[in-house]
Amino acid sequence: MPEDFTVAEATAADWDEIVEWAVAEGWNPGRGDAECFRHTDPAGFLVGRLDGRIVSAVSVVAYSPDFAFLGHYLVHPEHRGTGLGMATWNAALPHAKGRVVGLDAVPAQRGLYERSGFTAAYDNVRHTGRPRAAEPSAGAGTVGSVTPYHLDAISAYDSGCFPAERHAFLSRWLTAEDHTARVLLDANGHVTGYGVIRPAHDGLRIGPLFADSPEGAAALFDALVLGVPADADVSIDVPDHHPAATLLATSRGLTESFRCTRMYSGPEPYARAEAVWATTSLELG
């Protein structure tokens, strides 16, 4: 590696530049994602510099003692194929410290991750379109706005659908500017699902969408897209091993626009796959 190549923790300004790279790659990140993401584990967001200029990036977010998630693996087009990306990767991975690491691989990078010891689990398939109206879902429960009162219960519910506890992240994700969050409650007031929609650089993105039943997932989806402008596209990242989730997306008029492969560096962590109708994000799991 060149002597003037260094890898270090990213600043907020550094990461704003990386978000623009992600936009250029067509990943369509949410407009406020960076603020929510970086606070989850600031030391896990790294950039590589050559002659003081940012040329590469990666994030390795340590969620728990057992689980981390890797994303934002990017190299500036002028420096691809030079080894700077792999040098950045090698500098970042020790931050996971023996944890099982998850990631979402674009097709062009899947082979690289396999050579690094990652194994494919399933595909996350982005469906995009202008959602069409549907009949209300009977027997789904009550959908309402998320308030601070719901945070602990939503966090507990989320822990069954995601491989780690992420209360602090959810406290930001559910309340971030321009994020709309909805919670599904049963007759006893217990959380049986929740979802979030947020503006992206192109249209809006839903994530996560977690629910105990097809009726609940449909009710949450419809509540989230209520009021979305008629000319706005909505995207949702659906695990392909959950056919009912694919059916929900297509029944609302969305079609496949992109896919990537969820991979893990060790055994796939447990999560209630049947309750995951859409992943939170491809960058943070």
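Residues numbered from 1 in each chain as written. Predicted model: local features only at pLDDT ≥ 70, side-chain atom pairs only at ≥ 80, totals over all residues. Heavy atoms only, no water.

Draft legend 1. Summary view of the overall build of the protein chain. In terms of helices and strands, the protein chain carries eight helices and 13 strands. A globule of 285 residues ought to have a C-alpha radius of gyration of about 19 Å, and the protein chain, at 19 Å, matches this closely. By its C-alpha atoms, the protein chain is 65 × 40 × 30 Å across when sized along the principal axes. The burial tally for the protein chain puts 53% of its 285 residues in the buried class. Counting only contacts in the protein chain whose residues sit at least 6 apart along the sequence, the fraction spanning at least 24 positions is 74%. Side chains of the protein chain carry 21 positive and 36 negative charges; the gap between the two charge centres is 2 Å. (Helix = DSSP H or I, 4+ residues; strand = E, 2+ residues; numbered from the N terminus. Rg over C-alpha atoms; globule rule 2.2 N^0.38 Å. Buried < 20%, exposed > 50% of the residue type's maximum accessible area, 1.4 Å probe, protein only. Contact = heavy atoms within 4.5 Å. Lys, Arg positive; Asp, Glu negative; His and termini not counted. Charge placed at Lys NZ, Arg CZ, Asp CG, Glu CD.)

Draft legend 2. Region of the structure containing the environment of Asp 4. Tracing the backbone through its elements, the reader meets Asp 4 in the segment before β1 (5-9). Take Asp 4: its relative accessible area is 34%, and that puts it in the partly exposed class. In this structure the C-alpha to C-alpha distance between Asp 4 and Gly 48, which are 44 residues apart in sequence, comes to 10 Å.

Draft legend 3. View of unusual backbone geometry. Here the residue pair Gly 207 and Pro 208 is connected by a cis peptide bond, since its omega of -5 degrees sits within 30 degrees of zero. Non-glycine residue Asn 28 carries a positive phi angle of around 55 degrees. Asn 28 sits in the buried class, given a relative accessible area of 13%. The backbone of Asp 51 sits at a positive phi, close to 55 degrees, despite the residue not being glycine.

Draft legend 4. Structural detail: helix α8 (residues 243-251). By the burial criterion, the buried members of α8 are Ala 245, Leu 248 and Ala 249. Down the axis of α8, the sector holding all buried residues measures 95 degrees, keeping them to one side. Across from the buried face of α8, at angles greater than 90 degrees, the exposed residues are Pro 243 and Leu 247. Each element contacted by the buried residues of α8 is listed here: β6 (119-129), β10 (204-211), α7 (214-225), β11 (234-239) and β13 (276-278). Once α8 finishes, Gly 253 follows within two positions and takes phi at roughly 90 degrees, a positive value. (Arc of directions from axis to C-beta.)

Draft legend 5. How the structure looks around the pattern of salt bridges. Taken as a whole and judged by the stated rule, the model has 17 salt bridges. With its nearest N and O atoms 3.1 Å apart, the salt bridge here joins Arg 110 to Glu 114. Placement of the pair is Arg 110 and Glu 114 together in helix α4 (residues 110-115), with a separation of four residues, close to one helical turn. Arg 110 gets classed as partly exposed once you look at its relative accessible area, which sits at 31%. With a shortest N-O distance of 3.4 Å, Glu 274 and Arg 272 are connected by a salt bridge. Within this structure, Asp 123, Asp 240, Glu 256 and Arg 259 form a network of salt bridges that share partners. (Salt bridge = Lys/Arg side-chain N within 4 Å of Asp/Glu carboxyl O.)

Draft legend 6. Summary view of the nonpolar core. In terms of nonpolar packing, the biggest core is built from 43 residues, with Trp 15, Ile 18, Tyr 63, Leu 174 and Tyr 194 touching the most fellow members. The element contributing the most residues to this core is helix α1 (residues 12-24), with five residues. Excluding anything up to four places from it in sequence, Tyr 63 contacts Thr 40, Ala 68, Phe 69, Phe 162, Ala 164, Glu 165, Arg 166 and Leu 284. Membership of the second largest hydrophobic core comes to 23 residues, among which are Leu 220, Ile 236, Ala 245 and Ala 249. (Core = buried A, V, L, I, M, F, W, Y, C linked by side-chain atoms within 4.5 Å.)

Draft legend 7. Highlighting the pairing of strand β2 (residues 45-50). In terms of burial, β2 is a largely internal element, five of the six residues being buried. Where β1 and β2 come together, five bridges link them in antiparallel fashion. The residue bridging Val 7 from the neighbouring strand is Gly 48, located in β2. Direction of pairing for β2 relative to strand β3 (residues 53-62): antiparallel, over a ladder of six bridges. Each bridged residue has a counterpart across the sheet, and for Gly 48 the counterpart in β3 is Ser 56. Following β2, the chain reverses through two residues before pairing antiparallel with β3; Asp 51 in that reversal takes a positive phi of roughly 55 degrees. (Pairing = 2+ DSSP bridges.)

Draft legend 8. Local environment of the packing of aromatic side chains. Going through the model one piece at a time under the given rule, you end up with twelve aromatic pairs. Clustering of aromatic rings is evident, with ring pairs tying together Tyr 73, Trp 89, Tyr 113 and Phe 118. (Phe/Tyr/Trp six-rings, centres within 6.5 Å; stacked < 30°, edge-to-face > 60°.)

Draft legend 9. Spotlight on the environment of Ser 251. Inspection of the secondary structure puts Ser 251 in helix α8. Between the alpha carbons of Ser 251 and Ala 121 there is a distance of 25 Å; along the sequence they are 130 residues apart. Separated by 2.8 Å, the side chain of Ser 251 and the backbone oxygen of Leu 248 make a polar contact. (Polar contact = N/O pair within 3.5 Å; in protein donor to acceptor, adjacent residues only side chain to side chain.)

Draft legend 10. Structural context of the side chain of His 179. Tracing the backbone shows His 179 in the loop between α6 (167-173) and β8 (180-185). In contact with His 179, not counting residues within four places along its chain, are Cys 36, Trp 173, Val 196, Ile 197 and Arg 198.

Geometric descriptors of this kind do not, in isolation, establish any biological role.
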